[in-house]
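Structure assessment
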Amino acid sequence: MFKKNLLLLLGVIVLALLPILFLQDAEFGGADGEAEEAITEIAADYEPWFSALWEPPSGEIESLLFVLQGVIGALIIGYYIGYMRGKHTKDHAKH
Amino acid sequence: MKQLLPKLAYFGIVLLFMPKQAYAMHIMEGFLPIGWAIFWFALCLPFLVKGLQVIRLVVKENPESKLLLALSGAFTFVLSALKIPSVTGSCSHPTGVGLGSILFGPFVMSVLGSIVLLFQSILLAHGGLTTLGANIFSMAIVGPFIAVGVFKLSTKWGLSFSVAVFLAAMLGDLGTYVMTSVQLALAFPSEVGGILGSFQKFASIFALTQIPLAISEGLLTVMIMNFLQKYNMRELVQLRILKVKES
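Residues numbered from 1 in each chain as written. Chains lettered and ligands numbered in written order. Predicted model: local features only at pLDDT ≥ 70, side-chain atom pairs only at ≥ 80, totals over all residues. Heavy atoms only, no water.

1. So, the packing of aromatic side chains
Residues and elements named next belong to chain B. Overall, the coordinates contain 15 aromatic pairs over all chains when judged by the stated rule. Through a chain of ring-to-ring contacts, the aromatic side chains of Trp36, Phe39, Trp40, Phe47, Phe107, Phe137 and Phe145 assemble into a single cluster. Note that Lys50 overlies the ring of Phe107, its terminal NZ or CZ placed 5.5 Å from the centroid. (Phe/Tyr/Trp six-rings, centres within 6.5 Å; stacked < 30°, edge-to-face > 60°. Lys NZ or Arg CZ within 6 Å of the ring centre and 35° of its normal.)

If you want it as structure tokens, here you go:
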């Protein structure tokens with residue numbers, strides 16, 4: 001299983017790296033700015049009628065919060081994997 | 001039709017030669033007319049109510065599965081935090097709802113996915129509160145239902161477990177963004193091509209950006225399933241995902 005998963009992970013990394021390697025002059029921006037453009041292109045007179053209650057004050061703080069979100073998730077996944085492995089080997093040692 | 005083709009070709013060429021940030025994530029705050037915002041909220045409600053009931057039932061019948069529920073939620077949490085570069089020269093993120101959908105069914109994921117979307121709209125200004133209903137519908141309802149449907153069909157057709165998981169997670173991810181394009185097209189039909197015209201425009205951006213990410217999500221979901229197959233086969237059998245017990 002370990003080898004198989006390593007191979008799958010390699011696939012994920014390659015998929016993320018290829019665009020960076022081949023599209024040298026791309027911006028790799030996020031969504032928000034361009035989204036407004038795409039919509040105003042179609043509906044020129046549309047005014048967003050509500051804006052976010054709170055926005056991260058800077059890009060750095062936004063990335064902090066995104067990392068935090070990822071860390072919380074990864075922590076739980078890591079805990080689960082460790083717990084199940086431990087349980088598995090303990091159960092099998094008994095027999 | 002005659003006018004449409006050159007237009008599509010034009011957009012294709014523009015996309016190829018001017019790779020810039022495309023628009024491939026959740027619908028932003030305030031960017032759906034109020035009628036549509038309410039409509040999508042209303043459409044989500046029954047799914048969420050049913051989802052809460054199913055979660056209560058699952059936990060009651062099988063308290064051990066709480067951990068697996070946590071894993072499913074954590075998986076979407078991680079995956080929707082990962083903004084990954086794509087072939088269109090922009091970034092988007094996977095949804096991660098495929099795993100939990102295969103394990104617990106689509107309704108459970110509609111609740112877990114909503115939590116993630118709520119978190120992102122309040123703390124990250126990503127997505128939005130007014131567009132929450134629409135985003136829940138695409139990511140936490142359409143995505144999971146496609147994933148479960150594809151998984152069931154694939155196993156019925158005799159595809160291997162890993163291939164079925166891969167296809168389910170990948171197409172669920174892709175389906176989410178196709179649904180987002182539909183939602184935007186319905187709210188913003190273009191003057192020339194109508195709803196179909198804007199759908200083609202939104203989807204041509206979405207689909208392209210999301211394809212490699214959807215593949216990544218498929219691969220990552222298979223990784224977790226591989227682990228579960230090795231260390232938690234019992235629960236997979238219990239949830240009736242795998243019938244045959246392998247060694």
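2. Quick word on unusual backbone geometry
The phi torsion of most residues other than glycine is negative, and most of the peptide bonds are trans. Residue and element names in this part refer to chain B. For Ala125, which is not a glycine, the phi torsion comes out positive at approximately 50°. Note that Ala125 resides in the loop between helix 5 (106-123) and helix 6 (132-156). Look at Ala125 and you get buried, because its relative accessible area is 16%. (Helix = DSSP H or I, 4+ residues; strand = E, 2+ residues; numbered from the N terminus. Buried < 20%, exposed > 50% of the residue type's maximum accessible area, 1.4 Å probe, protein only.)

3. Topic: the interface of chain B and chain A
Tallying the contact residues gives 69 residues for chain B and 57 residues for chain A. For the chain B and chain A pair, buried surface summed over both sides reaches about 5600 Å², with 73% attributable to carbon and sulfur atoms. Linking chain B with chain A are one salt bridge, by the criterion used here. At the boundary of chain B and chain A, one finds 10 residue pairs in polar contact (both at pLDDT 80 or more). Elements supplying a minimum of two residues to the side of chain B that touches chain A: helix 2 (34-61), helix 3 (65-79), strand 1 (84-85), helix 5, helix 8 (194-231) and helix 9 (233-238) of chain B. The element best represented in the side of chain B that touches chain A is helix 8 of chain B, accounting for 16 residues. When the residues that make up the side of chain B that touches chain A are grouped by side-chain class, the tally is 46 nonpolar, 15 polar and eight charged. (Contact = heavy atoms within 4.5 Å. Buried area = accessible area lost by both parts, 1.4 Å probe. Salt bridge = Lys/Arg side-chain N within 4 Å of Asp/Glu carboxyl O. Polar contact = N/O pair within 3.5 Å; in protein donor to acceptor, adjacent residues only side chain to side chain. Nonpolar A, V, L, I, M, F, W, Y, C, P; charged D, E, K, R; others polar.)

4. Observations concerning the pattern of salt bridges
When their charged atoms lie close together, side chains carrying opposite charge are able to pair. Tallying each qualifying case throughout the model produces two salt bridges over all chains. Linking B:Lys83 and A:Glu62 is a salt bridge whose minimum nitrogen-to-oxygen distance equals 3.7 Å. Of this pair, B:Lys83 sits in the loop between helix 3 and strand 1 while A:Glu62 sits in helix 3 (residues 59-94), on two different chains. The exposure class assigned to B:Lys83 is partly exposed, which follows from its relative accessible area of 33%. In this structure, the salt-bridge partner of B:Glu64 is B:Arg234, at a minimum N-O distance of 2.6 Å. With B:Glu64 in the loop between helix 2 and helix 3 and B:Arg234 in helix 9, this pair connects stretches of sequence that are 170 residues apart. Of the residues examined, B:Glu64 reaches a relative accessible area of 41% and is grouped as partly exposed.

5. Observations regarding the nonpolar core
Among the nonpolar cores identified, the biggest contains 74 residues, and B:Leu71, B:Leu103, B:Phe151, B:Phe188, B:Phe202, B:Met225 and B:Leu228 are the most heavily contacted of them. Each residue touching B:Leu103, except ones within four places of it in the same chain, is listed here: B:Leu68, B:Ser72, B:Met225, B:Leu228, B:Leu236, B:Leu239 and B:Ile241. (Core = buried A, V, L, I, M, F, W, Y, C linked by side-chain atoms within 4.5 Å.)

6. What to know about the side chain of B:Ser154
Residue and element names in this part refer to chain B. Along the chain, the position of Ser154 falls in helix 6. Reaching out from Ser154, the side chain makes a polar contact with the backbone oxygen of Val150 at a distance of 2.5 Å. Beyond its immediate sequence surroundings of up to four residues, Ser154 is in contact with Leu159, Ala164 and Leu167.

Geometric descriptors of this kind do not, in isolation, establish any biological role.
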